[in-house]
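# Reading the structure
Each chain, letter by letter, is given below.
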Amino acid sequence: MKKRDEAAAPSGLTRRELLGSSAALLVGAAAPGAAQALTFQGTPEWKPMANVAVEPVDESAGWQFFTDEEAATVEAIVERLIPGDDLSISGKEAGCAVFIDRQLAGAYGGFERLYMHGPFQEGTPEQGDQSPLTPGQRYRIGLAALDDHCRNAHGAAFAELDDARRDQLLGQLEQNEIALGDIDSQAFFEIVLQNTMEGFFADPLYGGNRDMVSWKMLGFPGARYDYRDYIERHNEDLEFTPVSIGGRSDWQAQG
């Protein structure tokens, strides 16, 4: 009877045969000419923005998701959610509406990274949003319904009303006191508020936080490379000028 001194692998190979074939494969991969390598001489050229995955927002391109009427309503909303004062400019001036527009025109607007198939059932608060509506659909429905309500109740679109009336209407939305048809008014208010805050505090690369106004207000230094030169400088105002992901304006200078 033949002695079996090796455990057989599932494919029928013995352990010794399997290890031997694996070693041969590694030797062959390491043989001269097997690897396709590139050789660099000198210092590779580095260009600012070369490895930034997000294209900086170009406001000259106009609105990408909103119609002009929708954009006017959103600008009027963000102007009241973050009103201008002695600390900073308003949400409108900071570009929050532009930020929201670009987000809705991208993957976020269609919830492209979320599972969006039914069934859709009302869940608990801990389960979060269970609606089949995407952010883009919420804005489209909510903005139209809000302007319809304002015209019926106050004779003008939201953007045409005075500040006091706008504040009153936003408070009613927050308390779910206005019927917006197919959309919950409180949920609509919350998504607009959340996106407005994101636009105000996000990197200017995305269209909001113009001139890094919120970062300057908070003293946030921005996307700096490192702080090794400052680790030992305790209790000192370093007076950093914030830096965007896109770098400083002088990085873009030609010549």
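Here the structure is a predicted model, which is why all the values come from computation and not from measurement.

## A few points about the packing of helix α3 (residues 96–105) against helix α6 (residues 185–201)
- At a minimum axis distance of 8 Å, the contact between α3 and α6 shows a crossing angle of 110°. Regarding the angle of α3 to α6, the classification is roughly perpendicular. The two elements α3 and α6 meet at a crossing, and its hand is right-handed. Residues C96, F99 and I100 of α3 lie in contact with α6, whose contacting residues are N195, T196, E198, G199 and F200.
- Broken down by class, the residue content of the contact of α3 with α6 amounts to four nonpolar, three polar and one charged.

## Structural notes on the nonpolar core
- Core analysis: the largest hydrophobic core is formed by 35 residues, its most contacted members being F66, I100, Y139, F158, L173 and L180.
- Elements with a contribution of two residues or more to this core: α2 (68–81), α3, α4 (135–154), α5 (163–174) and α6.
- L173 has contacts with L146, I178, L180, S185, Q186, F188 and F189, leaving out every residue within four places of it along the chain.

## Notes on the pattern of salt bridges
- By the definition in use, this model includes nine salt bridges.
- One salt bridge connects R140 with E70, and the closest N-O pair in it is separated by 2.8 Å. Taken together, the residues span a long stretch of sequence, with R140 in helix α4 and E70 in helix α2 at a distance of 70 residues.
- On the accessibility criterion, E70 (11% relative accessible area) is buried.
- Salt-bridge contacts for R102 lead to D101; the nearest nitrogen and oxygen are separated by 2.7 Å.
- In this structure, a network of salt bridges that share partners links the residues E69, D148 and R151.

Cut-offs used in this document
- Counting starts from 1 at the beginning of each chain's written sequence and moves along it residue by residue.
- Per-residue local features are limited, in this predicted model, to residues with pLDDT of at least 70; the limit for side-chain atom pairs, both in listing and counting, is 80 or more; totals at the level of whole chains, interfaces and linings are taken over all residues.
- The basis for the side-chain values is all heavy atoms of the structure; hydrogens and waters are excluded.
- All axes are obtained by fitting lines to C-alpha atoms, using only the stretch in contact for helices, and the reported angles, taken between N-to-C directions, cover 0 to 180 degrees.
- Per the convention used, a helix needs a DSSP run of H or I reaching at least four residues, while a strand needs a run of E reaching at least two, with both numbered from the N terminus.
- In these notes the angle categories are as follows: under 35 degrees is roughly parallel, over 145 is roughly antiparallel, 65 to 115 is roughly perpendicular, and the rest is oblique.
- In this scheme the handedness of a crossing depends on how the near helix is turned from the far one: anticlockwise by less than a right angle means left-handed, clockwise means right-handed.
- We call two residues contacting when some pair of their heavy atoms lies within 4.5 Å.
- As a working rule, the residues Ala, Val, Leu, Ile, Met, Phe, Trp, Tyr, Cys and Pro are called nonpolar, Asp, Glu, Lys and Arg charged, and the rest polar, with Gly in that last group.
- Among buried residues, the Ala, Val, Leu, Ile, Met, Phe, Trp, Tyr and Cys ones that are joined through side-chain atoms within 4.5 Å form a nonpolar core.
- Here the term buried applies to any residue with accessible area under 20% of the maximum for its type, exposed to any over 50%, and partly exposed to those in between, with areas from a 1.4 Å probe on protein chains only.
- Salt bridges, as used here, are contacts in which a Lys or Arg side-chain nitrogen is within 4 Å of a carboxyl oxygen on Asp or Glu.

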